[in-house]
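Each chain, written out:
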Amino acid sequence: MSQNALRIGIAGVGTVGAALTRLLHSKSNLLAERCGRAMTITAFTARDKDKDRGCDLSNMTWFNDPVALAKSDEIDVFVELIGGDGDPAFASVMAALENGKHVVTANKALLAKHGVELALKAEENGVILNFEAAVAGGIPIIKTMREALTSNSVQRVYGIMNGTCNYMLTRMENEGLSYDECLKDAQELGYAEADPTFDVEGFDTAHKLAILTSLAFGTQISADDIYVEGISNITSDDIIAAKDLGYRIKLLGVAQRTASGIEQRVHPTMVALDSPLAQISGVTNAVAVEADIVGQLVMSGPGAGGDATASAVASDLCDIAKSKPGHQHAPALGKPAAHLEPYVKAQMQAHEGGYFIRMSVNDRAGAFASIASRMAEAGISLESIVQHKRPEELKKDNKDSQPVILITHETTEAAIRGALDKIHSDGHLAAPSQMIRMER
Ligand code: HSE
């Protein structure tokens, strides 16, 4: 081997950091052969120095302070696995870049907020900023979008990007478990974020989507412009009704080009049971890209967990090990950060799609007719209207209200919201209605 070993400093030795440490040890020969150079972890920092993590950190230099590690002469690459969009993650990544260190991060929250600034800083300092692990865990979607699709114009990128939510929705459907039971298991298995509301309320997916949107459309990252709805309002009634009608509920992140700008949205979504995304179960993620030259790509794989994420971090490290000092590096966001276009937001009210509406309708003459006419007034065409009763509900023989599902043809968010407001004020509903968007 001609070059010295690549010296790695790791900040944050939780599930991913420990898995990475084990991986770099167990695959050291393979990695050295593939990168033409050895890799060695020389230093680390973590909240607790002495905690047993099931990996050997004994020969590494300990740093109390991530920023000091980031500036240290003992490392060539700073691996940021601390998490969060503020300090110490931000300060230490900035310090690393300013001090000429390459950076690998799995931190989607940090990139969603500061990605453009960090990309500029990396370019200014002639170093690499890599973040394969930040989106969809082990799926190499960043490399695919940044490198493999350079000749394509992307029309839409969408997918299941939160393992915790997909795991929960799968178990709620397959085992009839409660939302809380599923969340607890996901946390115990190490899938969930430190604050699981990031997972279930859709923010984790939004962070990942913001990064993909920039790569897909060459625009500045604009996470604050994402419409976000999580899965905490999804009930087993929705899951059962969806399945009976040929659909499955998934938490999707979707970015698409429209006539008025780029739409970015995260919400529970009905996908047809025979569609590729409906087959994705458990902690698995999947990302679909629709582009003009290649057509449609769908990639699936483990989206969370130590080993899958460590695999993505290791691939970023390998790229750095293979890079040539003094040569220009590929820009972090697919084109020079200064050339990213401003993000132009398409308004959510203008979103066009089909809608699934579940209602509990007061059982009196004219209720259905009134609901149908409110929909017609708003120009909404109904694909189906089903009086949806489960056998258990039939047994209860509730004479006061009737469960009804409407599925609409393509309409706009503004039209459906306007119609639902009127239906509510007409007093025909026994409870607030549920509205779930469909993606075809
Ligand atoms: N909490 C995330 C998930 C981990 O459940 O997908 C990976 O970002």
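Being a predicted model, the structure only gives us computed values, none of them experimental.

1. Focus: the sheet that holds strand 2 (residues 39–45)
- Taken in spatial order, the 6 strands make up an open sheet running 3-2-1-4-5-6, and their pairing is parallel. Looking at strand neighbours, the two that pair on one side only are strand 3 (61–62) and strand 6 (129–130), the edges of this open sheet.
- In terms of strand pairing, strand 5 (residues 102–105) meets strand 6 through 2 bridges, oriented parallel. Bridging from a neighbouring strand, Val104 pairs with Asn130 of strand 6.

2. Description of the pairing of strand 10 (residues 261–272)
- Taking burial as the measure, the 12 residues of strand 10 include 11 buried ones, the bulk of the element.
- Looking at chain direction, strand 8 (residues 227–228) and strand 10 are connected through 2 bridges and run parallel. Bridged to Tyr227 within strand 10 is Arg265.
- Here strand 9 (residues 247–258) pairs with strand 10 via 12 bridges, running antiparallel.

3. Quick look at the domain arrangement of the chain
- Taken domain by domain, the chain consists of domain 1 (6–135 + 306–336), domain 2 (142–302) and domain 3 (355–439).
- On the side of domain 2, 18 residues touch domain 1, which itself brings 20 residues to the contact.
- Counting the surface lost from both domain 1 and domain 2, the interface buries some 1,700 Å², and carbon and sulfur atoms represent 64% of this.
- Sorting the residues of domain 1 by area buried against domain 2 places Lys108, Ala112 and Val135 first, and these three jointly supply 34% of that buried surface.
- Remark: the boundary between domain 1 and domain 2 carries 8 residue pairs in polar contact (both at pLDDT 80 or more).
- Contributing elements (two or more residues each) for the side of domain 1 that touches domain 2: helix 5 (108–124), strand 6 and helix 12 (306–322).
- Take the side of domain 1 that touches domain 2: its biggest share by element is 6 residues, from helix 5.
- Looking at the side of domain 1 that touches domain 2, its residues break down into 12 nonpolar, 4 polar and 4 charged.

4. Observations regarding the site of the ligand
- Close to the ligand lie Lys108, Asn162, Gly163, Thr164, Tyr191, Ala192, Glu193, Asp199, Asp204, Lys208, Gly303 and Ala304, which account for all nearby residues.
- For the ligand, an oxygen atom lies 2.7 Å from a polar atom in the side chain of Thr164.
- Here Lys208 contributes a side-chain N or O atom positioned 2.8 Å from an oxygen atom of the ligand.
- For the ligand, the accessible surface in isolation is 250 Å², of which the surrounding protein chains cover 92%.
- Secondary-structure elements contributing two or more residues to the shell around the ligand are helix 7 (163–175) and helix 10 (203–217).
- Class assignment of the residues belonging to the shell around the ligand gives a composition of 3 nonpolar, 4 polar and 5 charged.

5. Brief notes about unusual backbone geometry
- A cis geometry characterises the amide bond from Asp87 onward to Pro88, with omega recorded as 10°.
- Among the structural elements, Pro88 can be located in the loop between strand 4 (77–80) and helix 4 (89–98).

6. Some thoughts on the environment of Arg47
- Summarising the element assignment, Arg47 is placed in the loop between strand 2 and strand 3.
- The spatial distance from the C-alpha of Arg47 to the C-alpha of Asp65 is 9.4 Å, given a sequence separation of 18 residues.

7. So, the side chain of Arg53
- Topologically, Arg53 is positioned in the loop between strand 2 and strand 3.
- Despite its burial, Arg53 pairs with no opposite charge; the closest candidate is Asp48, at 5.5 Å N-O.
- One polar contact links the side chain of Arg53 to the main-chain carbonyl oxygen of Val13, over a distance of 2.7 Å.
- When neighbours within four sequence positions are excluded, Arg53 is seen to be in contact with Val13, Ala18, Arg22, Ala46 and Asp48.

8. A word on the state of the cysteines
- Counted under the stated rule, the structure contains 1 disulfide.
- Shown here is the disulfide that connects Cys35 with Cys318, its sulfur atoms set 2.1 Å apart. Here Cys35 and Cys318 share a disulfide; its torsion about the S-S bond, -85°, makes the bridge left-handed. Residue Cys35 is located in helix 2 (residues 28–35), and its partner Cys318 is located in helix 12; the two are separated by 283 residues in the primary sequence.
- Take Cys35: its relative accessible area is 7%, and that puts it in the buried class.
- Looking at the unpaired Cys165, the closest cysteine sulfur is the one in Cys182, lying at 11 Å.

9. As for the pattern of salt bridges
- Under the counting rule described, the total for this entry stands at 26 salt bridges.
- Residues Asp319 and Lys143 are paired through a salt bridge, measuring 2.4 Å at the closest nitrogen-oxygen approach. You can see Asp319 sitting in helix 12 and its partner Lys143 sitting in helix 6 (residues 141–148), a full 176 residues away along the chain.
- On the accessibility criterion, Lys143 (21% relative accessible area) is partly exposed.
- Among the salt bridges present, the one from Glu175 reaches Arg171, with a minimum N-O distance of 3.0 Å. Of the two residues, Glu175 and Arg171 both sit in helix 7, 4 residues apart, roughly one turn of that helix.
- We classify Glu175 as partly exposed; its relative accessible area is 47%.
- Judged by relative accessible area, Arg171 falls into the buried class, the value being 18%.

Thresholds, definitions, all that
Residues numbered from 1 in each chain as written. Predicted model: local features only at pLDDT ≥ 70, side-chain atom pairs only at ≥ 80, totals over all residues. Heavy atoms only, no water. Pairing = 2+ DSSP bridges. Helix = DSSP H or I, 4+ residues; strand = E, 2+ residues; numbered from the N terminus. Buried < 20%, exposed > 50% of the residue type's maximum accessible area, 1.4 Å probe, protein only. Domains from an automatic or database assignment. Contact = heavy atoms within 4.5 Å. Buried area = accessible area lost by both parts, 1.4 Å probe. Polar contact = N/O pair within 3.5 Å; in protein donor to acceptor, adjacent residues only side chain to side chain. Nonpolar A, V, L, I, M, F, W, Y, C, P; charged D, E, K, R; others polar. Near = heavy atom within 4 Å. Areas by Shrake-Rupley, 256 points an atom, 1.4 Å probe, with all protein chains shown as cover. Lys, Arg positive; Asp, Glu negative; His and termini not counted. Salt bridge = Lys/Arg side-chain N within 4 Å of Asp/Glu carboxyl O. Disulfide = S-S within 2.5 Å.

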